[in-house]
Amino acid sequence: MKTLQNDPDLPLMASAIKEARAAAAKGEVPVGAVNVREGTVVARGGNRPIRSGDPTAHAEIVAIRAAAKKLGNYRLTGCEIYVTVEPCAMCLGAILQARIRRLVYGAADPKAGAVKSIVRFPVHKTNHRLEIRGGLLAEDCAAVLRDFFRERRAASRRR
């Protein structure tokens, strides 16, 4: 039985958390993602819809676009994506369309999550099999979000 301490997914999720913190520092909702192939990060992304004026610029989409460009293919077969928050329906759809092999996410999203929280997208009925692991470093991922929104509320009270 693999212990969490020896879990090879941990450093990759830690990298996604770093991307989430970078997004927060730029005023974006702190969600981070990394695309990985054969254990190597090929692309990173943090939320940027506010800065880009693009409602589709979620961390997952940013990372998928960067990976496709770097790898020279819109099909990211053999890739895994690590995301700090359960993907929404748009992002889960993009993950499936890109043929990403595996999704690992941290915190559940009770307001917009499409894996198990709200939408429960039937990934098993698609033409692509996606392996999913949820809840990795969930508390750490949720804390990044909580801290961000706590600070925003405090800042708005100070004004």
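A brief look at the structure comes next. The structure displayed is predicted, hence computed values, not measured ones.

### What about the overall build of the protein chain?
And step 1. The number of helices and strands found in the protein chain is five helices and five strands.
And step 2. Ordered by position in the sequence, the α and β elements of the protein chain form the string α-β-β-α-α-β-α-β-β-α.
And step 3. Taken over the C-alpha trace, the protein chain has a radius of gyration of 15 Å; the compact-globule value for 159 residues is 15 Å, and the two agree within 12%.
And step 4. By principal-axis analysis of the C-alpha atoms, the protein chain measures approximately 50 × 40 × 30 Å.
And step 5. Out of the 159 residues belonging to the protein chain, those deemed buried represent 45%.
And step 6. Sequence separation of 24 or more characterises 55% of the internal contacts of the protein chain that already satisfy a separation of 6 or more.
And step 7. A total accessible area of about 8,600 Å² is found for the protein chain, and carbon and sulfur atoms account for 54% of it.
And step 8. Computed over 28 positive and 15 negative side-chain charges, the inter-centroid distance for the protein chain is 4 Å.

### So, the sheet that holds strand β1 (residues 32–37)
And step 1. Strand order in the open sheet formed by five strands is β2-β1-β3-β4-β5, and the pairing between neighbours is mixed. Both outer strands of the open sheet, β2 (40–46) and β5 (131–134), are each paired with one neighbouring strand and no more. Taking the axes of each pair of neighbouring strands and ignoring which way they run, one obtains an average angle of 15° across the sheet.
And step 2. Both strand β4 (residues 102–107) and β5 contribute to a ladder of four bridges, which runs parallel.

### Remarks on the packing of helix α1 (residues 9–25) against helix α5 (residues 138–158)
And step 1. Running from N to C, α1 and α5 cross one another at 5°; their axes reach a closest spacing of 10 Å. Comparing the axis directions of α1 and α5 gives the class roughly parallel. When α1 is examined against α5, the residues Met-13, Ile-17, Ala-20, Arg-21 and Ala-24 are found in contact with a partner set consisting of Asp-140, Cys-141, Val-144 and Phe-148.
And step 2. Partitioning the contact of α1 with α5 into residue classes produces seven nonpolar, no polar and two charged.

### Some words on the environment of Gly-45
And step 1. Mapped onto the elements, Gly-45 comes out in strand β2.
And step 2. For Gly-45, a relative accessible area of 1% puts it in the buried group.
And step 3. Residues Gly-45 and His-58, spaced 13 residues apart in sequence, show a C-alpha to C-alpha distance of 8.1 Å.
And step 4. With sequence-adjacent residues up to four places away left out, Gly-45 is seen in contact with Glu-19, Val-31, Gly-32, Ala-33, Ala-59, Val-62 and Ala-63.

### Focus on the packing of aromatic side chains
Aromatic ring pairs are defined here through the distance separating the ring centres and the angle between the ring planes.
And step 1. Counted under the stated rule, the structure contains one aromatic pair.
And step 2. Taking the centre distance of 5.0 Å and the plane angle of 80° together, the rings of Phe-148 and Phe-149 count as edge-to-face.

Rules behind the numbers
Residues numbered from 1 in each chain as written. Predicted model: local features only at pLDDT ≥ 70, side-chain atom pairs only at ≥ 80, totals over all residues. Heavy atoms only, no water. Helix = DSSP H or I, 4+ residues; strand = E, 2+ residues; numbered from the N terminus. Rg over C-alpha atoms; globule rule 2.2 N^0.38 Å. Buried < 20%, exposed > 50% of the residue type's maximum accessible area, 1.4 Å probe, protein only. Contact = heavy atoms within 4.5 Å. Areas by Shrake-Rupley, 256 points an atom, 1.4 Å probe, with all protein chains shown as cover. Lys, Arg positive; Asp, Glu negative; His and termini not counted. Charge placed at Lys NZ, Arg CZ, Asp CG, Glu CD. Pairing = 2+ DSSP bridges. Axes fitted to C-alpha atoms, helices over the stretch in contact; angles between N-to-C directions. Parallel < 35°, antiparallel > 145°, perpendicular 65-115°, else oblique. Nonpolar A, V, L, I, M, F, W, Y, C, P; charged D, E, K, R; others polar. Phe/Tyr/Trp six-rings, centres within 6.5 Å; stacked < 30°, edge-to-face > 60°.

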